[in-house]
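The residues making up each chain are set out below.
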Amino acid sequence: MSKDTNQTAEALFEKALSVAEKHLEEAIKEGGPLGPYVAVAMIEAAVNAAVDETSHEDVIDMLRDLASQIEADAEEEDE
C-alpha cells in the first residue's frame with residue numbers, strides 16, 4: 001500500500017472512529033446505570049455488523065490488531 005493510500009485510510013478510519021465515539025457516548029448516557037453494559041453491547045453489535053459488511057476473517061484480524069493495541073497501551077501504563 002502506498003504512503004498516500006495508507007494516510008487516506010488512516011484519515012478515514014479516524015473520522016469513522018470520531019462518529020462511532022460520539023454515538024457511543026450518547027448511548028452510554030441514555031443507558032444511565034446500564035452504561036457499562038451498553039458499551040459492551042455496542043462492541044457485540046459492531047462486530048456483528050462488521051461481519052455482515054466484510055467477513056469473519058477481516059473482523060478477526062481487526063480484533064486481533066485491537067487486542068494488541070490494548071495490550072501495548074496497558075504495558076505502557078505499567079511502566
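Heads up: the structure comes first, above all this text.
As the structure is a computational prediction, the values presented were derived from the model and not from experiment. (Residues numbered from 1 in each chain as written. Predicted model: local features only at pLDDT ≥ 70, side-chain atom pairs only at ≥ 80, totals over all residues. Heavy atoms only, no water.)

## Observations regarding the overall build of the protein
Counting secondary structure elements, the protein contains three helices and zero strands. Listing each helix as α and each strand as β along the protein from the N terminus yields α-α-α. The C-alpha radius of gyration of the protein comes to 15 Å, more than 25% above the 12 Å expected for a compact globule of 79 residues. Expressed as lengths along the three principal axes of its C-alpha atoms, the size of the protein is roughly 45 × 40 × 25 Å. In the protein, buried positions account for 8% of the 79 residues. For the protein, the separation between the mean place of its 5 positive charges and that of its 21 negative charges on side chains is 9 Å. (Helix = DSSP H or I, 4+ residues; strand = E, 2+ residues; numbered from the N terminus. Rg over C-alpha atoms; globule rule 2.2 N^0.38 Å. Buried < 20%, exposed > 50% of the residue type's maximum accessible area, 1.4 Å probe, protein only. Lys, Arg positive; Asp, Glu negative; His and termini not counted. Charge placed at Lys NZ, Arg CZ, Asp CG, Glu CD.)

## Digging into the layout of surface pockets
The volume enclosed by the largest pocket comes to roughly 1100 Å³. If you list the elements that add at least two residues to the lining of the largest pocket, you get α1 (3-31), α2 (35-53) and α3 (56-78). Taken together, the residues that form the lining of the largest pocket break down as 17 nonpolar, three polar and two charged. (1 Å grid on protein atoms, 1.4 Å probe; cavity = no way out; pocket = protein on both sides within 12 Å on 5 of 7 lines; lining within 4 Å. Points joined across faces, edges and corners; volume = space filled by probe spheres on them. Nonpolar A, V, L, I, M, F, W, Y, C, P; charged D, E, K, R; others polar.)

## Quick look at the pattern of salt bridges
Note that side chains of opposite charge can pair when their charged atoms are close. Throughout the structure, instances matching the rule amount to one salt bridge. The shortest N-O distance in the salt bridge between K29 and E26 comes to 3.5 Å. Residue K29 and its partner E26 are located together in helix α1, separated by three residues, close to a single helical turn. The exposed category is assigned to K29, whose relative accessible area is 59%. Residue class for E26 comes out partly exposed when judged on its relative accessible area of 46%. (Salt bridge = Lys/Arg side-chain N within 4 Å of Asp/Glu carboxyl O.)

## Quick notes on the environment of A49
In this structure, A49 sits in helix α2. You can call A49 partly exposed: its relative accessible area is 38%. For the pair formed by A49 and A9, sequence separation is 40 residues and the distance between their alpha carbons is 20 Å.

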